[in-house]
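Fold and geometry: a report
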Number of protein chains: 2
Amino acid sequence: MKRKGLLIVLSGPSGVGKGTVRKEIFSQKNTAFEYSISMTTRSPREGEVDGVDYFFKSKEDFEELIKQDQFIEYAEYVGNYYGTPLQYVKDTLEEGKDVFLEIEVQGARQVRDKFPEGLFIFLAPPNLTELQSRIVGRGTETDDSVRNRMNEARKELAMMNLYDYVVVNDQIDLAVDKINAIVKAEHCRRTRVEKQYIAMLEEK
Amino acid sequence: MKRKGLLIVLSGPSGVGKGTVRKEIFSQKNTAFEYSISMTTRSPREGEVDGVDYFFKSKEDFEELIKQDQFIEYAEYVGNYYGTPLQYVKDTLEEGKDVFLEIEVQGARQVRDKFPEGLFIFLAPPNLTELQSRIVGRGTETDDSVRNRMNEARKELAMMNLYDYVVVNDQIDLAVDKINAIVKAEHCRRTRVEKQYIAMLEEK
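- Under the annotation held in an unreviewed UniProt entry, chain A carries the name Guanylate kinase and is attributed to Mangrovibacillus cuniculi.
- Per UniProt, chain A carries the Function (unreviewed entry) text "Essential for recycling GMP and indirectly, cGMP."

Quick look at the structure:
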């Protein structure tokens, strides 16, 4: 029996810096993650390579794949489809490799339905950590400003409900370090480890 | 509101190398853990200092503390008591520091009752990881030997049921690295992080 890979999903509010964190992770020499290439119906931009930057498909092909339930998640933006193909992710996980997705919050919800055992990481804006000092305050902020921040924090709290981990993106290298630690730790989770051994013992 | 510390409990079958791993963790310069000093009724050995190696107590004092429910866990070995004092752990966690306990499996069970939110790490012997290759086998092992290993593995599986994580002690630096990653990851767990923010928002 082979250890199955982990599906790692990085998401969070738009503008939080998901893409920057993902690029930093994949720029590291020792990254043990496979990046799942998205599929899209938009035309390749100059320099973009099919199968590297995206899988480029016609609208008809994409819609056919939707019908066949071949996406983990997909969405339409400005008249074009974007989606995460299911087969690649399934195959790569079966090979025992960890697959990394960086997607929008709406997409993460769809992934959770298909891969409940996935590892869901919410990248949070630093204002959430600043909350404490803001509330404690030094009299330098108006009541309105404090109230606004608290409302924002409430919205983000509601959003993170789906996730297993919350990583604050206050410093990119710290965020990357935490994400790597989370993946390492998850591979040691008793429920995951145990399952493998039980399967092994039953095989014999 | 202050972030509470994590109670980290390292345990596992006797002889697995818990003490060695703990010493390695505390020999690191950047260890952010506080080590909880045990209390005992045995006499100090040469060079042992009260409040450093152990808190040395009389049998009467120890039994009085048992009556007052002042131990997270305790046990009697060869006529002497050994235990983990509750107050120090409570105070240190309140200060926001992570407390590290290295204890026997029986003790870990008692700790789980008092600190269900603790972080329980099972240090496993490498034979568990070797299980796969042993079972797959290369015809070099007798059936009896394979069967014995599988029985051992079953016993260890039953023991690890209480724990959140399983770290295999095949190489000490790898084990220490995993334990550090687990603690870092746990500080990002949504359920822990969320609780802090909800408390903060409610305080206002």
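From this point, the discussion proceeds with the structure in view.
1. Digging into the environment of L162 of chain A
- Looking at the element boundaries, L162 of chain A is found in the loop between α6 (143-159) and β9 (165-168).
- Residues L162 of chain A and F120 of chain A, spaced 42 residues apart in sequence, show a C-alpha to C-alpha distance of 7.7 Å.

2. As for the packing of helix α1 (residues 18-27) of chain A against helix α7 (residues 172-186) of chain A
All names here are of chain A.
- Between α1 and α7, the shortest axis-to-axis distance is 10 Å and the interhelical angle comes to 65 degrees. One element, α1, and the other, α7, form an angle in the roughly perpendicular class. Helix-helix and strand crossings are classified by hand; for α1 and α7 the assignment is right-handed. Contact residues: T20, V21, E24 and I25 in α1; I172, V176 and I179 in α7.
- Here the residues of the contact of α1 with α7 are counted per class, giving five nonpolar, one polar and one charged.

3. Considerations on the pattern of salt bridges
Residues and elements named next belong to chain A.
- Under the definition given, this model contains 26 salt bridges over all chains.
- Measuring nitrogen to oxygen at the nearest pair gives 3.2 Å for the salt bridge that ties R112 to D164. With R112 in helix α4 (residues 105-114) and D164 in the loop between α6 and β9, the pair connects residues that are 52 residues apart, well separated along the chain.

4. Some details on the sheet that holds strand β1 (residues 7-11) of chain A
All names here are of chain A.
- Across the sheet, five strands lie side by side as β2-β7-β1-β8-β9; this open sheet has parallel pairing. Each edge of the sheet is formed by a strand with only one pairing partner; in this case those strands are β2 (33-35) and β9. The mean inter-strand angle of the sheet, taken between neighbouring strand axes irrespective of direction, is 30 degrees.
- One ladder, built from four bridges, connects β1 with strand β7 (residues 98-102); its direction is parallel. When the sheet's bridge partners are listed, L7 is paired in β7 with V99.
- Running over the sheet, α1 touches β1, β2, β7 and β8 (119-124) and is turned about 150 degrees from β7.

5. A closer look at α4 of chain A
Residue and element names in this part refer to chain A.
- Residues of α4 that are buried include every one of V105, G107, A108 and V111, and no others. Angular distribution of buried residues about the axis of α4 spans 145 degrees; they occupy a single face of the element. Turned more than 90 degrees away from the buried face of α4, the exposed residues are Q106 and D113.

6. Notes on the sheet that holds strand β8 (residues 119-124) of chain B
Residue and element names in this part refer to chain B.
- A sheet is described by the order of its strands in space; here five strands give the open sequence β2-β7-β1-β8-β9, paired in parallel fashion. With one partner strand each, in any of the chains shown, β2 (33-35) and β9 (165-168) form the two edges of the open sheet. Looking at each pair of strands side by side, their axes are set apart by 30 degrees on average, direction ignored.
- As paired elements, strand β1 (residues 7-11) and β8 share four bridges and run parallel to each other. Bridge pairing links V9 to F120 in β8.
- The strands touched by helix α1 (residues 18-27) are β1, β2, β7 (98-102) and β8; relative to β7, the strand with the most contacts, the crossing angle is about 150 degrees.
- Docked against the sheet, helix α7 (residues 172-186) engages β1, β2, β7, β8 and β9, running at close to 160 degrees with respect to β9.

The rules we used
Numbering of residues begins from 1 in every chain and follows the order in which that chain's sequence is written. All chains are assigned letters beginning at A, and all ligands numbers beginning at 1, according to the order in which they are written. In view of the model being predicted, local features appear only for residues whose pLDDT reaches at least 70, and side-chain atom pairs are presented and counted only at 80 or more, with totals across whole chains, interfaces and linings using the full set of residues. Only hydrogens and water are removed before side-chain values are computed, so all heavy atoms of the structure are retained for them. UniProt positions are given in the numbering used here, feature names are shortened, and annotations may be inferred rather than shown by experiment. Each helix corresponds to a stretch of at least 4 residues labelled H or I by DSSP, and each strand to a stretch of at least 2 residues labelled E; elements are numbered beginning at the N terminus. Lines fitted to C-alpha atoms define the axes, with helix axes restricted to the stretch in contact, and inter-axis angles between N-to-C directions lie between 0 and 180 degrees. Any angle from 65 to 115 degrees is called roughly perpendicular, while one under 35 is roughly parallel, one over 145 is roughly antiparallel, and all others are oblique. With the far helix as reference, a near helix turned anticlockwise by less than a right angle produces a left-handed crossing, and one turned clockwise produces a right-handed crossing. Whether two residues touch is decided by their heavy atoms; if any such pair falls within 4.5 Å, the residues are in contact. Under this grouping Gly is polar, as are all residues other than the nonpolar Ala, Val, Leu, Ile, Met, Phe, Trp, Tyr, Cys and Pro and the charged Asp, Glu, Lys and Arg. Any Lys or Arg side-chain nitrogen located within 4 Å of an Asp or Glu carboxyl oxygen qualifies as a salt bridge. For two strands to pair, DSSP has to find at least two bridges joining them. To sort residues, take the accessible area from a 1.4 Å probe on protein chains only and compare it with the maximum for the residue type: under 20% means buried, over 50% means exposed, and anything in between is partly exposed. What the arc measures is the spread of directions leading from the helix axis to the C-beta atoms.

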